[in-house]
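A structural walkthrough
For reference, the chains in residue letters:
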Amino acid sequence: MTTAAVRPVARPELLTLLGRTPQVRITADLPGPHPGFWAKLEGLAAGGMKARAAVSMLLGARERGELLPGAPVVESTSGTLGIGLAFAGQALGHPVVLVGDSELEASMRQLLRAYGVRLDIVDRPAPEGGWQAARLARLRELLAVLPGAYWPDQYNNPDNKAGYASLALELIADLDHLDILVCSVGTGGHSAGIIGPLRRRWPALRLIGVDSTGSTIFGQPARPRLMRGLGSSIHPRNVAYDAFDEVHWVGPAEAVDSCRRLARGSFVSGGWSTGAAARVAAWAAQVHRGAVVATVFPDGPHRYLGTVYDDDFAATHGLHPATAATRPVEIPDPRATEATGWVRCTRVSDPLEAVPVPFEAVPDPLEAVRGPEGTS
């Protein structure tokens, strides 16, 4: 790929479809009974949740003169932001070039191409930084050969966070009160973007972050991750570390179990991020009885039919409900213990500013959860 795509015609009327997603009360067992929590169904938005951020980043770049009319937009994605950028590109009249990787689902590739995206796939992870680093290396190569191309840099772009101001306003309009907000964390955009306005409305609001095991965002070592859409192999600068009261690392078994329980018990469900956030939100509602708890479901279930909702996939990766923890293991510091299952820590800091501490792996976190007889 050496030339930019033909400039598309802008469709600004699409911008009227942004946001205004429904909110629903979730009471399905996750995995046991809980008082319930509110879920904002961003998976039902046109362009998905990240259309808010994508439009914000492109409009900000245009206002600063960094993105010229009709110039191409180039970004790395595991899928969700790609859909948002496809939406923003059509609405604002920019061709979109995305760098994905071999683990991007065939259905997602087909959908992105149907939306007019030019897709470039890297076929092997980088020795350090995994798929993310490999995608970013290819992205820089494309920037050198696409005249006038703009890279939003979702991980570090403040306009990513700014795009979620509308989401915060919708939550404020829909809720009379809020005590605890649970947010999955990938680029850090939506948690950073909504916590400020929400705390101005409810100053005592607690923020719980949900990360993936094997993610480096909150100070854990980078490991291969089965889950996509949350977690990172790099340290995004959009993460508002000082805003979090605690962080949970959730494994794929817990996410799959939660997604399937949501589908059976509440009809609404989603993928890895949704399952992980729902698990922690249900835990928070149970532990902090009487508190009003809300979370954001970033996506719907459709792209995960061959993974989260596929019995063969679950069996291959050992994701049986019996392996899913029913509550988190408590650890004192993110850098002292490597999380291999659902783990909680109330000490949150920017790992790039923290003093390194040698890691000590937890031999079997499920044993700590279940007890010697395998019961919770």
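Residues numbered from 1 in each chain as written. Predicted model: local features only at pLDDT ≥ 70, side-chain atom pairs only at ≥ 80, totals over all residues. Heavy atoms only, no water.

On to the environment of Leu81. Residue placement: Leu81 occurs in helix H2 (residues 80-92). Leu81 gets classed as buried once you look at its relative accessible area, which sits at 3%. With 45 residues separating them in the primary sequence, Leu81 and Ala126 have C-alpha atoms 21 Å apart. Once residues within four sequence positions are removed from consideration, Leu81 is found in contact with Lys50, Ala54, Met57, Glu75, Ser76 and Gln154. (Helix = DSSP H or I, 4+ residues; strand = E, 2+ residues; numbered from the N terminus. Buried < 20%, exposed > 50% of the residue type's maximum accessible area, 1.4 Å probe, protein only. Contact = heavy atoms within 4.5 Å.)

Turning to the UniProt feature "domain: Tryptophan synthase beta chain-like PALP" (unreviewed entry) in the protein chain, a few remarks are in order. According to UniProt, the "domain: Tryptophan synthase beta chain-like PALP" (unreviewed entry) feature falls on residues 17-299. The distance from the first to the last C-alpha atom of residues 17-299 is 16 Å, and the span holds 39% helix and 16% strand. (UniProt positions renumbered as here; feature names shortened; annotations may be inferred.)

Before going further, it helps to spend a moment on the state of the cysteines. For the structure shown, the criterion picks out zero disulfides. For the unlinked cysteine Cys183, the closest cysteine sulfur is that of Cys259, found at 17 Å. On the accessibility criterion, Cys183 (0% relative accessible area) is buried. Cysteine Cys345 remains unbridged, with the sulfur of Cys183 as its closest cysteine sulfur at 18 Å. (Disulfide = S-S within 2.5 Å.)

Two residues of an α-helix separated by three or four positions point the same way, owing to the 3.6 residues in each turn. Between the first and last C-alpha of helix H8 (residues 252-266) there are 20 Å, a value that for 15 residues agrees with the 21 Å anticipated at 1.5 Å per step. Where H8 is concerned, the buried positions are Pro252, Ala253, Glu254, Ala255, Val256, Asp257, Ser258, Cys259, Arg260 and Leu262. (Expected span 1.5 Å × (residues − 1).)

Let us look at the packing of helix H6 (residues 165-174) against helix H7 (residues 189-201). Relative to each other, H6 and H7 sit at 35°, their axes nearing to 8 Å. In this structure, the crossing between H6 and H7 has a hand that is right-handed. Of the residues in H7, those touching H6 at Ala165, Leu167, Ala168, Leu171 and Ile172 are Gly193, Ile194, Pro197, Leu198 and Arg201. (Axes fitted to C-alpha atoms, helices over the stretch in contact; angles between N-to-C directions. Left-handed = near helix turned anticlockwise from the far one by under 90°.)

This next bit is on the pattern of salt bridges. Between side chains of opposite charge, a pair can form as their charged atoms come close. The tally for this structure, following the rule as stated, stands at 25 salt bridges. The closest approach of N and O atoms between Asp257 and Arg261, which form a salt bridge, is 3.0 Å. Here Arg261 and Asp257 lie together in helix H8, a separation of four residues that amounts to about one turn. Members of the salt-bridge network, linked through shared partners, are Arg199, Arg206, Asp245, Glu246, Glu330 and Arg344. (Salt bridge = Lys/Arg side-chain N within 4 Å of Asp/Glu carboxyl O.)

Time to look at the sheet that holds strand S4 (residues 96-101). Strand order across the open sheet formed by three strands is S3-S4-S5, with parallel pairing between neighbours. The open sheet has two edge strands, strand S3 (73-76) and strand S5 (118-122), and neither has a second partner. Across the sheet, the mean angle from the axis of one strand to that of its neighbour is 20°, orientation sign disregarded. Here S4 pairs with S5 via five bridges, running parallel. (Pairing = 2+ DSSP bridges.)

For the rest of this paragraph, the subject is the pairing of strand S8 (residues 246-250). The buried count for S8 comes to five of five residues, which makes it a mostly enclosed element. By the alternation rule, side chains of S8 split into Glu246, His248 and Val250 and Val247 and Trp249, which are all buried. Both strand S7 (residues 206-212) and S8 contribute to a ladder of five bridges, which runs parallel. Paired with Ile208 across the two strands is Glu246, which belongs to S8. As defined by bridge partners, S8 adjoins strand S12 (residues 343-345) across three bridges and the pair is classed as antiparallel. Paired with Trp249 across the strands is Val343, a residue of S12.

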